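# An overview of the molecular structure
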Amino acid sequence: MFDGIISAVCDFFRDILWGIASMFLFILDLIWDMVLRIATLDIGSFSWLKDWYAVMAVTLSMFITFRVIKIVLKNMFDEDYHEKVKPVKMIIMIIVASIVTSLMPIMYSYACSITTDAIDNISYFFYLRLLQHLLICQILLFNQEESILKIPMLI
């Protein structure tokens, strides 16, 4: 008689705890889906970003041009400044700035695609890492040379 009542009370509390746990798991799934959608947004494929980059590159090239003209004019009229100017260093800095400016959109699109793919496939990396830890635990706890799990060690 009391066993039925005790099991009914235990089942009731078990159902309440499972309801709370399933609610938290549902909320975690919603949060994970939102984070995944935001994190896997490939910003490098937007066309307006390329337009913005073109405006930035033109502005930077105009600034560099005006800066070079200012340095040349100041060099022509001020003899003290003539000793401070190093034309080879100035040319190297212009070349470096142009290379960095020209490679920025390519590197940005590569970085965006790499991070998007990594975040999309993070569950695979987690699963592989979990299997490796299970393998290590199996080897350490059971002292087995040959393991049931045949996965490469990446640590």
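Just so it is clear, the model here is predicted, and its values are computed rather than measured. (Residues numbered from 1 in each chain as written. Predicted model: local features only at pLDDT ≥ 70, side-chain atom pairs only at ≥ 80, totals over all residues. Heavy atoms only, no water.)

Of the regular secondary structure elements, the protein chain holds 5 helices and 0 strands. Each helix and strand of the protein chain, ordered N terminal to C terminal, gives the series α-α-α-α-α. Residue pairs at least 24 apart in sequence account for 49% of intrachain contacts in the protein chain once pairs closer than 6 positions are excluded. Accessible surface, the protein chain: about 13300 Å² in total, of which carbon and sulfur atoms supply 74%. (Helix = DSSP H or I, 4+ residues; strand = E, 2+ residues; numbered from the N terminus. Contact = heavy atoms within 4.5 Å. Areas by Shrake-Rupley, 256 points an atom, 1.4 Å probe, with all protein chains shown as cover.)

This part covers the packing of aromatic side chains. The final tally for this structure, using the stated rule, is 1 aromatic pair. Considering the side-chain rings of Phe12 and Phe13, the 5.6 Å spacing of their centres and the 65° angle between planes classify their relative orientation as edge-to-face. (Phe/Tyr/Trp six-rings, centres within 6.5 Å; stacked < 30°, edge-to-face > 60°.)

In this section: a positive patch on the surface. Residues Arg67, Lys70, Lys74 and Lys84 make up a contiguous surface patch of positive charge. Looking at which element gives the most residues to the positive patch, the answer is helix 2 (residues 47-77), with 3 residues. Mapped onto the elements of the fold, Arg67 is located in helix 2. (Patch = residues over 30% accessible without salt bridge, like charges linked within 9 Å, V, L, I, M, F, W, Y side chains within 5 Å. Salt bridge = Lys/Arg side-chain N within 4 Å of Asp/Glu carboxyl O. Lys, Arg positive; Asp, Glu negative; His and termini not counted. Charge placed at Lys NZ, Arg CZ, Asp CG, Glu CD.)

Attention now goes to the pattern of salt bridges. A complete count under the given rule lists 1 salt bridge for this structure. The partner of Arg14 in a salt bridge is Asp11, and the shortest N-O contact between them spans 3.1 Å. Linking Arg14 with Asp11, this pair stays in helix 1 (residues 2-39), spanning 3 residues, or about one helical turn. Here Arg14 falls in the exposed class, since its relative accessible area comes to 54%. For Asp11, a relative accessible area of 37% corresponds to the partly exposed category. (Buried < 20%, exposed > 50% of the residue type's maximum accessible area, 1.4 Å probe, protein only.)

All right, on to the packing of helix 2 against helix 4 (residues 87-120) then. At a minimum axis separation of 11 Å, helix 2 and helix 4 run at an interaxial angle of 175°. As summarised for this structure, helix 2 and helix 4 are arranged roughly antiparallel, according to the angle between their axes. Facing Leu49, Tyr53, Met56, Ala57, Leu60, Ile64, Val68 and Ile71 of helix 2, the residues of helix 4 in contact are Met90, Ile94, Ala97, Thr101, Ser102, Met104, Pro105 and Tyr108. Looking at the contact of helix 2 with helix 4 residue by residue, the class counts come to 14 nonpolar, 2 polar and no charged. (Axes fitted to C-alpha atoms, helices over the stretch in contact; angles between N-to-C directions. Parallel < 35°, antiparallel > 145°, perpendicular 65-115°, else oblique. Nonpolar A, V, L, I, M, F, W, Y, C, P; charged D, E, K, R; others polar.)

A few words on a negative patch on the surface. A cluster of acidic residues, Asp78, Glu79, Asp80 and Glu83, forms a negative patch at the surface. For Glu83, a relative accessible area of 68% gives the class exposed.

On to the confidence of the model for the protein chain, then. Taken residue by residue, the protein chain gives an average pLDDT of 78. The fraction at 70 or more is 78%. Ranking the helices and strands of the protein chain by mean pLDDT puts helix 1 first, with 86, and helix 5 (residues 122-142) last, with 65. (pLDDT = per-residue confidence, 0-100.)

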